[in-house]
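Structure assessment
Each chain, written out:
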Amino acid sequence: MIYSGVGYCSCGQEIWIEYLHGAGGWRCRFFGAEGQEIQRCPACGRELDEDDLQSR
């Protein structure tokens, strides 16, 4: 099962989040505007963490 949503870095950059459920429980992946998986915000370079992203 996959769920997705959007969050915003503290710099305002939109980050897409994909939540995946597997044997180890839930995990998330982050995607940029071009659809590639990312680990850092493409605008400010901050390492992405689900708890640090803001909703609007």
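To be clear, the structure that these remarks concern was listed above.
A brief structural summary. What you are looking at is a predicted structure, and each value in this text was computed from that prediction instead of being measured.

Conventions used here
Residues numbered from 1 in each chain as written. Predicted model: local features only at pLDDT ≥ 70, side-chain atom pairs only at ≥ 80, totals over all residues. Heavy atoms only, no water. Helix = DSSP H or I, 4+ residues; strand = E, 2+ residues; numbered from the N terminus. Rg over C-alpha atoms; globule rule 2.2 N^0.38 Å. Contact = heavy atoms within 4.5 Å. Lys, Arg positive; Asp, Glu negative; His and termini not counted. Charge placed at Lys NZ, Arg CZ, Asp CG, Glu CD. Core = buried A, V, L, I, M, F, W, Y, C linked by side-chain atoms within 4.5 Å. Buried < 20%, exposed > 50% of the residue type's maximum accessible area, 1.4 Å probe, protein only. Pairing = 2+ DSSP bridges. Phe/Tyr/Trp six-rings, centres within 6.5 Å; stacked < 30°, edge-to-face > 60°. Salt bridge = Lys/Arg side-chain N within 4 Å of Asp/Glu carboxyl O.

Here's the deal with the overall build of the protein
When helices and strands are counted, the protein shows zero helices and four strands. Its helices and strands in sequence order give the protein the pattern β-β-β-β, from N to C terminus. The C-alpha atoms of the protein give 11 Å as radius of gyration, which agrees with the globular expectation for 56 residues (10 Å, within 12%). Here the contacts in the protein between residues at least 6 apart in sequence split such that 30% fall between residues at least 24 apart. Charge-centre separation for the protein: the mean point of 5 positive side chains lies 2 Å from the mean point of 9 negative side chains.

Description of the nonpolar core
Listed in full, the eight residues of the largest apolar core are Cys9, Ile15, Ile17, Phe30, Ile38, Cys41, Leu48 and Leu53. The contacts of cysteine 9, once residues within four sequence positions are left out, are Ile15, Cys41, Cys44, Arg46 and Leu53.

As for the sheet that holds strand 4 (residues 37–38)
Taken together, four strands build an open sheet; the order of strands is 1-2-3-4 and the sheet is antiparallel. Edge strands, defined here as strands with exactly one partner in the open sheet, are strand 1 (2–8) and strand 4. Two elements, strand 3 (residues 25–31) and strand 4, share two bridges in a ladder whose sense is antiparallel. Bridge pairing in strand 4 places phenylalanine 30 opposite isoleucine 38.

As for the packing of aromatic side chains
By convention here, two paired aromatic rings are described through the distance between centres and the angle between planes. Counting across every chain of the model gives one aromatic pair. Relative to tryptophan 26, the ring of tyrosine 3 has its centre 5.5 Å away and its plane inclined at 40°; by these criteria the two rings are tilted. Taken together, the positions of tyrosine 3 in strand 1 and tryptophan 26 in strand 3 put the pair 23 residues apart, joining distant regions of the chain.

Details of the pairing of strand 1
With seven bridges connecting them, strand 1 and strand 2 (residues 14–22) associate as antiparallel partners. What sits directly across from glycine 7, in strand 2, is isoleucine 15.

Re the pattern of salt bridges
Applying the stated criterion across every chain yields a total of three salt bridges. Between glutamate 37 and arginine 29 there is a salt bridge whose closest N-O contact spans 3.9 Å. Owing to a relative accessible area of 41%, glutamate 37 belongs among the partly exposed residues under this scheme. Among the residues examined, arginine 29 registers a relative accessible area of 22% and is labelled partly exposed. A salt bridge links arginine 40 to glutamate 47, with the nearest nitrogen and oxygen atoms 4.0 Å apart. A network of salt bridges, in which partner residues are shared, links Glu18, Arg29 and Glu37.

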